[in-house]
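# Survey of secondary and tertiary structure
The residues making up each chain are set out below.
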Amino acid sequence: LISQIISINFLTINHNQMEVFVLKTLKKLRKDVPRRFKDLRNLCDEMIGLLSDIEKKGDKKDEDAGKYYEPLRLACETRQPRLMEIGLDGIHFLIEHGYLRGYYVENILAAEVQGEEYGSKVANKVLMESIIQTVSSCSDEYDEVVQLQVIKVLLTAVTSSHCEVHEGSLLLAVRSCFHIHLISRNQVNKTTAKAALTQMLSVINQRMEVHDVQIHLNAPLSEIINQKEINIEDAKQSELNDKSELPTKKENSDEESKIHQDDNNSTDKHEIKSLSFPSIYHKDAYLTFRSICKISMKGLQDESNNNSDPIALQNKILSLELIQHILQHCGKAFQLDERMISVVREYLCVSLLSNCTSNITQVTGLSLQIFVSLLKVFKDNLKNELEIFVTGIFLRILESENSSYEHKLRV
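Every chain begins its residue count from 1, and numbering advances along the sequence as written. With pLDDT at 70 or above as the cut-off, local features in this predicted model cover only qualifying residues; side-chain atom pairs require 80 or more to be listed or tallied, and sums for whole chains, interfaces and linings still use all residues. The basis for every side-chain value is the complete set of heavy atoms in the structure, and neither hydrogens nor water enter the calculation.

### Details of the overall build of the chain
Numbered from the N terminus, helices here are DSSP runs of H or I no shorter than four residues, and strands are runs of E no shorter than two. Secondary structure summary: the chain contains 18 helices and two strands in total. The buried label applies to any residue whose accessible area, calculated with a 1.4 Å probe on protein chains only, is under 20% of its type's maximum; exposed applies above 50%, and partly exposed to all values in between. Looking at the chain as a whole, 49% of its 411 residues are labelled buried. Counted over contacts in the chain with a minimum sequence separation of 6, partners at least 24 positions apart contribute 73%. Note on areas: Shrake-Rupley with a 1.4 Å probe; residue coverage comes only from the protein chains shown. Just so you have it, the chain exposes about 20900 Å², and 51% of that area is on carbon and sulfur atoms. Two residues qualify as a contact provided that any one of their heavy atoms is within 4.5 Å of a heavy atom in the partner residue.

See below:
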């Protein structure tokens, strides 16, 4: 009985903490919001009145803060740094403490989800997807405090055990941290964005490894064998589909907005739908790894004159560093997954073919380190590809009179 009373009191304190925080945040927001944002002002007044009434009447507290998300969303959409900071800080606190789990389902037009014409059809959209979209849209802001808040919210949402961020929303969160790393003028924010990406990828792959072990412990042997055969067939079909759509070295990235455009093309969406995954966590790991490998394939303009686009160069270096981190820390589920091997063969190997011969020392060094990691992790599955690297690339570099001494030394 005593333990039950303590548990009830603890929950009441937690619920009170949520409502006290929301009330404090809304009052701060209402005080700073300009008059031209009439909808936001009115909504703040309405929510403040509602929370004040609940506090006075002592009504039963609600542990889900989803109903209080709307004014925070509108604050982020004002494009006013001070209001965005308050809104993002509120979202971060609620997610971090498990109050904003994003399980509410919103009914919206299917065209908003798919980006296509579906007439008046209605689709279901989980609130967390809307939260990730709202927060990610703030990554375009150059204000340093806003950028840092965006990184904190996205990292907390992706790594939290209280909410679920998967597939498109997960890729959007990763892409937004990439974007901040590229455009930020603040070195601390750039470093923080990179650290957040590293932590996100670690958590994504750790979750896949844990669920893979659970699946194999719970599933009969016959199901595991059948699933493995399906994975091999899926990987072969993916390999055939990919051959016609690989970027060439001639592609360049004059504008940062073009860097990630390939991630959302319709061919990729149909290809992913044709694949089967043991769990959503396997799919998340596949999507993020493939996306980063594709980013690393992007060419650099005027590389021969060492006059490359600085944003494209940062983008390539960051993607290579993240790939190296993934390969160094990947587990058995990653190493034995035929879909991952297919990504390595069709995307990463193509990327390394061009990056190992780059004139930029940092790109070459990272590419060679990744090759060594591939040799350790996938040597049994990539014998032909690794042989091509040694005989067709590395030996030619060593024999060529045009290769610099430093380049030969690295090889």
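### Looking at the pattern of salt bridges
Counted as salt bridges are all cases of a side-chain nitrogen of Lys or Arg within 4 Å of a carboxyl oxygen of Asp or Glu. Summed over all chains, the structure comprises eight salt bridges. Measuring nitrogen to oxygen at the nearest pair gives 2.7 Å for the salt bridge that ties Arg30 to Asp45. In this pair, Arg30 is assigned in helix α1 (residues 2–32) and Asp45 in helix α2 (residues 38–57), connecting sequence segments 15 residues apart. In this structure, a network of salt bridges that share partners links the residues Asp32, Arg82 and Glu85.

### Regarding the packing of helix α9 (residues 187–218) against helix α12 (residues 280–296)
Running from amino to carboxyl end, α9 crosses α12 at an angle of 145°, the nearest separation of the two axes being 8 Å. Handedness of the crossing formed by α9 with α12: left-handed. Contacts between α9 and α12 pair Leu201, Ile204, Asn205, Arg207, Met208, His211, Asp212 and Ile215 from the former with Tyr281, His282, Asp284, Ala285, Thr288 and Ile292 from the latter. Only Asp, Glu, Lys and Arg are considered charged in this grouping, and only Ala, Val, Leu, Ile, Met, Phe, Trp, Tyr, Cys and Pro are considered nonpolar; every other residue, Gly among them, is considered polar. Looking at the contact of α9 with α12, its residues break down into seven nonpolar, four polar and three charged. Convention adopted: a line fitted to C-alpha atoms gives each axis, helices being fitted over their contacting stretch, and angles between N-to-C directions are expressed from 0 to 180 degrees. Working rule for handedness: look at the near helix, and if it is turned counterclockwise from the far one by less than a right angle, call the crossing left-handed; if clockwise, right-handed.

### Examining the environment of Glu144
Its place among the elements puts Glu144 in helix α7 (residues 144–159). Overall, the relative accessible area of 39% leaves Glu144 in the partly exposed class. Each C-alpha atom, one on Glu144 and one on Pro81, is 9.3 Å from the other, the two residues being 63 residues apart in sequence. If we ignore the near neighbours within four places in the chain, the residues touching Glu144 are Asn186 and Asn189. Within the local environment of Glu144, its side chain forms a polar contact with the side chain of Asn186, the two groups lying 2.9 Å apart. Nitrogen and oxygen atoms within 3.5 Å of one another constitute a polar contact, given that in protein one can donate a hydrogen and the other can accept it, and given that sequence-neighbouring residues count only through two side-chain atoms.

### Digging into the side chain of Thr25
Looking at where Thr25 falls in the secondary structure, it is placed in helix α1. Exposure remark for Thr25: the relative accessible area of 9% places this residue in the buried category. In this view, Thr25 contacts Leu72 and Ile86; residues no more than four positions away in its chain are not counted.

### Some details on helix α15 (residues 338–355)
Side chains of residues three or four places apart in an α-helix project in the same direction, reflecting 3.6 residues per turn. A helix is expected to span 1.5 Å multiplied by its residue count minus one. Compared with the 26 Å implied by 1.5 Å per residue over 18 residues, the 24 Å span of α15 between its first and last C-alpha is a close match. At Val344, α15 shows its maximal kink, close to 35°. With 14 of 18 residues buried, α15 is to be regarded as a mostly interior element. Backbone nitrogen of Arg339 and a side-chain oxygen of the N-cap are separated by 2.8 Å at the start of α15; the cap is Asp337. The term bend refers to the angle at a residue between two fitted axes, each drawn through seven residues, those ending there and those starting there.

### Topic: the packing of aromatic side chains
Whether two aromatic rings pair depends on their centres lying within 6.5 Å, for rings of Phe, Tyr and Trp, where Trp uses its six-membered ring; planes under 30 degrees apart make the pair stacked, over 60 edge-to-face, and the rest tilted. By the definition in use, this model includes five aromatic pairs. Judged by centre distance (5.4 Å) and plane angle (55°), the ring pair of Phe277 and Tyr286 falls under tilted. The class of Phe277 is buried, set by a relative accessible area of 17%. Ring centres of Phe334 and Phe378 lie 6.2 Å apart, and the angle between their planes is 45°; on these two criteria the pair is classed as tilted. Separated by 44 residues along the polypeptide, Phe334 in helix α14 (residues 332–336) and Phe378 in the loop between α16 (361–377) and α17 (383–399) bring together distant segments of the chain.

### As for α16
In this model, α16 (17 residues) spans 24 Å end to end at C-alpha, consistent with the 24 Å of a helix rising 1.5 Å per residue. Buried within α16 we find Val363, Thr364, Gly365, Leu366, Ser367, Leu368, Ile370, Phe371, Ser373, Leu374 and Val377.

### What to know about the environment of Val344
Among the secondary structure elements, Val344 is positioned in helix α15. Placed 38 residues apart in sequence, Val344 and Leu382 show a C-alpha to C-alpha distance of 8.9 Å. Excluding its chain neighbours within four sequence positions, the residues that come into contact with Val344 are Phe289, Cys349, Leu374, Phe378 and Leu382.

### Re the nonpolar core
Among the nonpolar cores identified, the biggest contains 99 residues, and Ile91, Leu94, Phe289 and Leu348 are the most heavily contacted of them. Setting aside anything within four residues of it in sequence, one finds Phe289 in contact with Ile323, Ile326, Leu327, Phe334, Met340, Val343, Val344 and Leu348. Definition used in this section: a nonpolar core is a set of buried Ala, Val, Leu, Ile, Met, Phe, Trp, Tyr and Cys residues joined via side-chain atoms within 4.5 Å.

### So, the side chain of Thr134
In this structure, Thr134 sits in helix α6 (residues 127–137). Thr134 gets classed as buried once you look at its relative accessible area, which sits at 6%.

### Examining unusual backbone geometry
Phi at Arg79 takes a positive value of approximately 65°, unusual for a residue other than glycine. For Arg79, the position within the fold is in the loop between α3 (69–77) and α4 (81–96). On the basis of relative accessibility, which here comes to 35%, the residue Arg79 falls in the partly exposed class. Backbone geometry at Glu167 places phi at a positive 50°, although glycine is not the residue there. Its place among the elements puts Glu167 in helix α8 (residues 167–183). The exposure class of Glu167 is partly exposed, given its relative accessible area of 32%.

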